[in-house]
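Understanding the architecture of this molecule
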Amino acid sequence: MKVLVYSAKEFEIPFLEKENKGKFKITFIEDALTSETAMKAVGFDAICIFSGDTASNIVLEKLKDFGVKYIALRSAGYDNVNLLTAKKLNIKVANVPAYSPYAIAEHAASLLLALNRKLIESNRRVKRYNFNLNNLIGFDLNNKTVGIVGTGKIGAIMAKIMNGFGCNLIGYDIEENKELIRNYKLKYVSLQNLCEQADIITLHLPLNKDTFHLIDEEKIEAMKPGVIIINTARGAVLNTEHILDALENKKIGALGIDVYENEKGIFFKDLSNNIPNDNLLLKLNAMPNVLITGHHAYLTAEALSNIAETTINNLESWSSGKVNINEL
Ligand code: NAI
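The protein is annotated in an unreviewed UniProt entry as Lactate dehydrogenase from Aquaticitalea lipolytica. Under the heading Sequence similarities (unreviewed entry), UniProt records this for the protein: "Belongs to the D-isomer specific 2-hydroxyacid dehydrogenase family."

Written as structure tokens, this is what we have:
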């Protein structure tokens, strides 16, 4: 089977090659999958994509014409693939459902700690030998209420971590996780109540039609003044314009994001000499109480190794005609 890996990044290639052990003929390209780059898949049986790649209707139709039968996602999220169309065209799609929920939850916790304790500003001062401590006051996490929106695999680890800090946990999900209630005394509440009660809100939901702009001005209105919001899920779960307004009027105390609504075409690239013409991002980036990382929550050795292993297993199941348990 010939496999084309789109959006291949230098750091992940060794993990995929090590796991492949020469089983498949893999070609790596830096380009993201778009309707323009779809034609690069001519002659390949399978393609392998990540969150910045787009497998929309038109792209899938082109891929079908070019003979592509399989799409192996190197991600857990699959909001970038039109699954209905893929099914219609008989293109099989599989994801990596759980590669390391620890990587993402620990990154969410890192964003929270860095923002609350103003680590970036503190270190910036120390680099200039300025040891002044003014305006660096944070708050104890102990006894604060953390609202976990989406208590699946990643949200559950976030609950464990925040429980370790002595936080009170409240959660919102369409399905309750009884273990979190038992182990960490997490209380399930409505999203409205979660917004009203939480000092910190952390998002761990997939992006779909029900979660698009889930956090908007109405939800923000209900929140405590000074709330810290952390988003490592998908950018569009937040209405970023409404979030920016609330940061400007100081309703939101701080924002930590690893994902951004308009990140496609921006994230994963070095644009230092070609600053993106994206006002929302420029405004967020200029705020001292906003901490942005470029979709790198998954960047741990364990996660990359697990992604590579499951991706190769997905391809192997298809090539050997076995049932692929990760098929979507
Ligand atoms: P999961 O499927 O284990 O958990 C998601 C939870 O959200 C489930 O408990 C589900 O019931 C809940 N949910 C779904 N729709 C909902 C709705 N409309 N309202 C309330 N709850 C709803 O997924 P996991 O592994 O915890 O990942 C969560 C998300 O994190 C992924 O979908 C992905 O988009 C994102 N992610 C981000 C990464 C990054 O590098 N920043 C890496 C991996 C995942």
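Back to the text.
So, on to the overall build of the protein. Looking only at helices and strands, one finds 12 helices and 12 strands in the protein. For a compact globule of 328 residues, the expected C-alpha radius of gyration is about 20 Å, and the protein comes in at 21 Å, within 12% of that figure. If one aligns the C-alpha atoms of the protein with their principal axes, the spans along those axes are about 60 × 50 × 35 Å. Across the protein, contacts joining residues at least 24 apart in sequence account for 67% of those joining residues at least 6 apart. Taking the average place of the 37 positive charges on the side chains of the protein and the average place of its 38 negative ones, the gap between the two points comes to 4 Å.

What follows covers the environment of I200. Within the secondary structure layout, I200 lies in strand β9 (residues 200-203). Along the backbone, I200 and T145 are 55 residues apart, and their C-alpha atoms lie at a distance of 6.6 Å. Every residue in contact with I200, bar those within four places of it in the chain, is listed here: L112, F139, L141, T145, V146, G147, V227 and I228.

Quick look at the packing of helix α10 (residues 240-248) against helix α11 (residues 279-286) now. Relative to each other, α10 and α11 sit at 35°, their axes nearing to 11 Å. In the crossing of α10 with α11, the sense of the turn from one axis to the other is left-handed. Contacts from T240, E241, L244, L247 and E248 in α10 reach L280, K283 and L284 in α11. Across the contact of α10 with α11, the residue classes tally to four nonpolar, one polar and three charged.

Attention now moves to the pairing of strand β6 (residues 145-149). Most of β6 sits out of view: five of its five residues are buried. By the alternation rule, side chains of β6 split into T145, G147 and V149 and V146 and I148, which are all buried. In this structure, β6 lies alongside strand β7 (residues 168-172), joined through five bridges in parallel fashion. What sits directly across from V149, in β7, is Y172. Pairing geometry for β6 and β9, over four bridges, is parallel.

Backbone hydrogen bonds hold the strands of a sheet together, and the pairing may be parallel or antiparallel. With parallel pairing, five strands are arranged side by side in an open sheet as β2-β1-β3-β4-β5. Looking along the sheet, the strands with just one partner apiece sit at the ends: β2 (25-28) and β5 (92-94). On average, each strand axis in the sheet is tilted by 20° relative to the strand beside it, whichever way the strands run. Pairing geometry for strand β1 (residues 2-5) and β2, over four bridges, is parallel. In the strand pairing of β2, L4 is matched with T27. Here helix α12 (residues 301-319) sits on the sheet in contact with β1, β2, β3 (46-49), β4 (70-73) and β5, set at roughly 160° to β4.

Parameters and conventions
Residues numbered from 1 in each chain as written. Predicted model: local features only at pLDDT ≥ 70, side-chain atom pairs only at ≥ 80, totals over all residues. Heavy atoms only, no water. UniProt positions renumbered as here; feature names shortened; annotations may be inferred. Helix = DSSP H or I, 4+ residues; strand = E, 2+ residues; numbered from the N terminus. Rg over C-alpha atoms; globule rule 2.2 N^0.38 Å. Contact = heavy atoms within 4.5 Å. Lys, Arg positive; Asp, Glu negative; His and termini not counted. Charge placed at Lys NZ, Arg CZ, Asp CG, Glu CD. Axes fitted to C-alpha atoms, helices over the stretch in contact; angles between N-to-C directions. Left-handed = near helix turned anticlockwise from the far one by under 90°. Nonpolar A, V, L, I, M, F, W, Y, C, P; charged D, E, K, R; others polar. Buried < 20%, exposed > 50% of the residue type's maximum accessible area, 1.4 Å probe, protein only. Pairing = 2+ DSSP bridges.

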